[in-house]
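Topology and contacts: notes
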Amino acid sequence: MDRLIPLAERMRPKSLKEYVGQTHLVGKGSVLNKMIESGNLSSFILWGPPGVGKTTLAYIISKQLDRPFYTLSAVSSGVKEVREVIAKAADNNLFSPKTPILFIDEIHRFNKGQQDALLGAVENGTIILIGATTENPSFEVNSPLLSRCQVFVLKELSVENFDALLNRVLKEDEYIKNLKIEIQEKEALYRFGGGDARRFLNIIEILVNSHFKSDEEKMLDGVKQKPLVITNELVMNTLQENMAIYDKKGEQHYDIISAFIKSLRGSDPNAAVYWLARMIKGGEDPLFIARRMVILAAEDIGLANPNALLLAQSTFAALQQIGMPEGRIPLSECAIYLATSPKSNSSIMAIDAALALVEQTGDLSVPLPIRNAPTKLMKELGYHDGYKYAHDYQGNFVDLEFLPDSLKGTKLYEPSDNKRETEIRTSLSKKWKKYEY
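Residues numbered from 1 in each chain as written. Predicted model: local features only at pLDDT ≥ 70, side-chain atom pairs only at ≥ 80, totals over all residues. Heavy atoms only, no water.

1. Some words on the overall build of the protein chain
Under the convention used in this document: Secondary structure follows DSSP: runs of H or I at least 4 residues long count as helices, runs of E at least 2 residues long count as strands, and numbering of each begins at the N terminus. Here the globule rule is a power law, 2.2 Å times the number of residues to the power 0.38, and the radius of gyration is based on C-alpha atoms. For the exposure calls, accessible area comes from a 1.4 Å probe over protein chains only, and a residue counts as buried if that area is under 20% of its type's maximum, exposed if over 50%, partly exposed in between. What makes two residues a contact is simply this: any of their non-hydrogen atoms within 4.5 Å. Areas reported as accessible are Shrake-Rupley estimates using a 1.4 Å probe. Residue values count occlusion only from the protein chains shown.
Broken down by element type, the protein chain carries 21 helices and seven strands. Taking 22 Å as the expected radius of gyration for a compact globule of 437 residues, we find that the protein chain reaches 28 Å, considerably beyond that expectation. In terms of overall dimensions, the protein chain has a C-alpha envelope of 100 × 60 × 40 Å along the principal axes. In the protein chain, buried positions account for 41% of the 437 residues. Across the protein chain, the fraction of contacts at a sequence separation of at least 24, relative to all contacts at a separation of at least 6, is 72%. If you sum the accessible surface of the protein chain, you get close to 24400 Å²; carbon and sulfur atoms cover 53% of it.

This is the structure we're talking about:
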């Protein structure tokens, strides 16, 4: 047994029998379990927090169904790599009746072009796609690709799951099962595990390595090792010495920025400043934080308070000028302002609805009255004919049709329920009777 292999890797399940948690998906009679038993596998996306077994489950399914298994990470792969794997899968299909599985970790980080490169292969059955994501796929995965995949939601591991995993480690790991370990208290161990199997196993490994010396060291010391007695106090003290508060390159990076954004969206300035402090303390790039606040100001506050976007942009510029540690002040000011601002997602809802409409209806003709007519021929063809200049009319408004003929009366913008957009709704309802604001 190679102790250099991390415990999380040594304990990686090789079958559904060893797999811990997610009984709602892999338990007897569940949808995914039936799919595996029948062998009729279709593309799907596994959505859940880090460390709950997304990658492992995909691998177990491929082994149980004896299918070729290809894997890509959205962090390091582009369109070129996607096309290369699809080409390999297509070649494999010539010699094997079993459709290969392509597993893509962090599929939410693929851009539209990368996701589009997958679409054809999924549609024609060249591959069965299994994607893994920590983000809501309805926001991060393109609608055409998402419509061809089932979504399975994975949950954080429970106390019962941790109990089962701990028992497996103590009884089955070739190294740890030979050590003297006594579990007196488990609360801190489970709490710091945070529903994440990988983090939980890493903590156990840190505790073991911090206590037991290597065989060579024991021989040199001539001292018999004392048993490892795990208590809440030991866990907390050991982790303070050995674990970073924040890993800006690891999965916790995405957890904490997610918590920060959700706190802003949820109008909780206290939580927002806390998660901001976690990122600052962990050495996160302050421009990354500011950039995310610019996005949130437009996406989640929008027209409810247009000044939010201005402040977020100013914060980004201020950080470029003054850097850290002084940059923590405008970051805090902006975070508190965004958290306490009224919220509206009407702008993103409007543009997404419009994009979907364009995809559905194609390139509809621009109405003649609102076309430009720089030449005599264009004027003779009716370009610009019937256009009315709004400033020539009372209230700087004239009831004119600006949408293509087949889309007349289509309402894409729906004002949200806040003071600013209530005023907008009142104004629009007076001007545009056909939209029924």
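2. Observations regarding a nonpolar patch on the surface
Applied cut-off: Patches in this entry comprise residues that are over 30% relatively accessible and not in a salt bridge; like charges within 9 Å are linked, as are nonpolar side chains (Val, Leu, Ile, Met, Phe, Trp, Tyr) within 5 Å. Each reported salt bridge corresponds to a side-chain nitrogen of Lys or Arg within 4 Å of a carboxyl oxygen of Asp or Glu.
There is a patch of nonpolar side chains on the surface, built from Y387, Y389 and F402 and spanning about 320 Å² of accessible area. For Y387, the position within the fold is in the loop between α20 (376-380) and α21 (419-431). On the accessibility criterion, Y387 (35% relative accessible area) is partly exposed.

3. Comments concerning the sheet that holds strand β4 (residues 128-133)
Let me state the cut-off plainly: Two strands qualify as a pair provided DSSP detects at least 2 bridges between them. Between N-to-C directions, angles span 0 to 180 degrees; the directions come from axes that are lines fitted to C-alpha atoms, helices contributing only their stretch in contact.
Taken in spatial order, the five strands of this open sheet run β2-β3-β4-β1-β5, and their pairing is parallel. A strand with exactly one partner marks an edge of an open sheet, and here the two such strands are β2 (69-73) and β5 (150-153). With strand direction ignored, the average angle separating the axes of adjacent strands in the sheet is 20°. Relative to β5, strand β1 (residues 44-47) runs parallel, the two sharing four bridges. Following the sheet pairing, L46 is matched in β5 by F152. Helix α3 (residues 31-38) rests against β1 and β5 of the sheet, and its axis sits at about 120° to β5.

4. Thoughts on the packing of helix α9 (residues 159-172) against helix α11 (residues 197-211)
When two helices pack together, their arrangement is given by the angle between the helix axes and the distance between those axes. Just so we agree on the cut-off: Any angle from 65 to 115 degrees is called roughly perpendicular, while one under 35 is roughly parallel, one over 145 is roughly antiparallel, and all others are oblique. It is the rotation of the near helix from the far one that decides the hand of a crossing: anticlockwise by less than a right angle makes it left-handed, clockwise makes it right-handed. Residue type decides the class: Asp, Glu, Lys and Arg count as charged, Ala, Val, Leu, Ile, Met, Phe, Trp, Tyr, Cys and Pro as nonpolar, and the leftover types, Gly among them, as polar.
At a closest axis distance of 11 Å, the pairing of α9 and α11 adopts a crossing angle of 45°. Judged by the angle between their axes, α9 and α11 are oblique. The chirality of how α9 crosses α11 is right-handed. In this structure, α9 contributes F162, L165, L166 and V169 to the contact, and α11 contributes A197, F200, L201 and I204. A breakdown of the residues in the contact of α9 with α11 according to their chemical character gives eight nonpolar, no polar and no charged.

5. Quick notes on the pattern of salt bridges
This structure, assessed with the given rule, holds 14 salt bridges. Notably, a salt bridge pairs D300 with R265, separated by 2.9 Å at the nearest N-O pair. Placement of D300 in helix α16 (residues 286-301) and of R265 in helix α14 (residues 251-265) is noted, with a sequence separation of 35 residues between them. Its relative accessible area of 9% is what places D300 among the buried residues. The class for R265 is partly exposed, based on a relative accessible area of 35%. Here the salt bridges share partners, and the residues they tie into one network are R10, D173 and E205.

6. Some points on the side chain of N33
Basically, it comes down to this: Any pair of nitrogen or oxygen atoms within 3.5 Å is treated as a polar contact; in protein, a donor-acceptor pairing is required on top of that, and neighbouring residues in sequence qualify only through side-chain atoms on both sides.
Note that N33 resides in helix α3. A residue is classified by how much of its surface remains accessible, and N33, at 9% relative accessible area, is buried. Separated by 2.8 Å, the side chain of N33 and the backbone oxygen of V26 make a polar contact. Here N33 is in contact with L25, V26, G27 and K28, once residues within four sequence places are set aside.

7. What to know about unusual backbone geometry
Here the amide bond leading from M324 into P325 is cis, since omega sits at 10°, within 30 degrees of zero. With respect to the element layout, P325 can be found in the loop between α17 (307-322) and α18 (328-340). Positive phi, normally seen in glycine, also occurs at D66, with a value near 55°. Mapped onto the secondary structure, D66 falls in the loop between α4 (54-64) and β2. Among the residues examined, D66 registers a relative accessible area of 55% and is labelled exposed. For H384, which is not glycine, the phi torsion reads 75° and is therefore positive.

8. Notes on the environment of V31
Following the sequence through the fold, V31 ends up in helix α3. Separated by 95 residues in the primary sequence, V31 and T126 have C-alpha atoms spaced 23 Å apart. Not counting chain neighbours up to four residues away, the residues in contact with V31 comprise Q150 and F152.

9. Description of α18
We apply this condition: Multiplying 1.5 Å by the residue count of a helix minus one yields the expected span of that helix. Regarding the arc, it is the one traced by the directions from the helix axis to the C-beta atoms.
End to end, α18 covers 18 Å across 13 residues, agreeing with the expected 18 Å (1.5 Å per residue, within 8%). Within α18, burial applies to P330, L331, C334, A335, L338 and A339. Down the axis of α18, the sector holding all buried residues measures 160°, keeping them to one side. Summarising the geometry of α18, the exposed residues directed more than 90 degrees from the buried face are I329 and T340.

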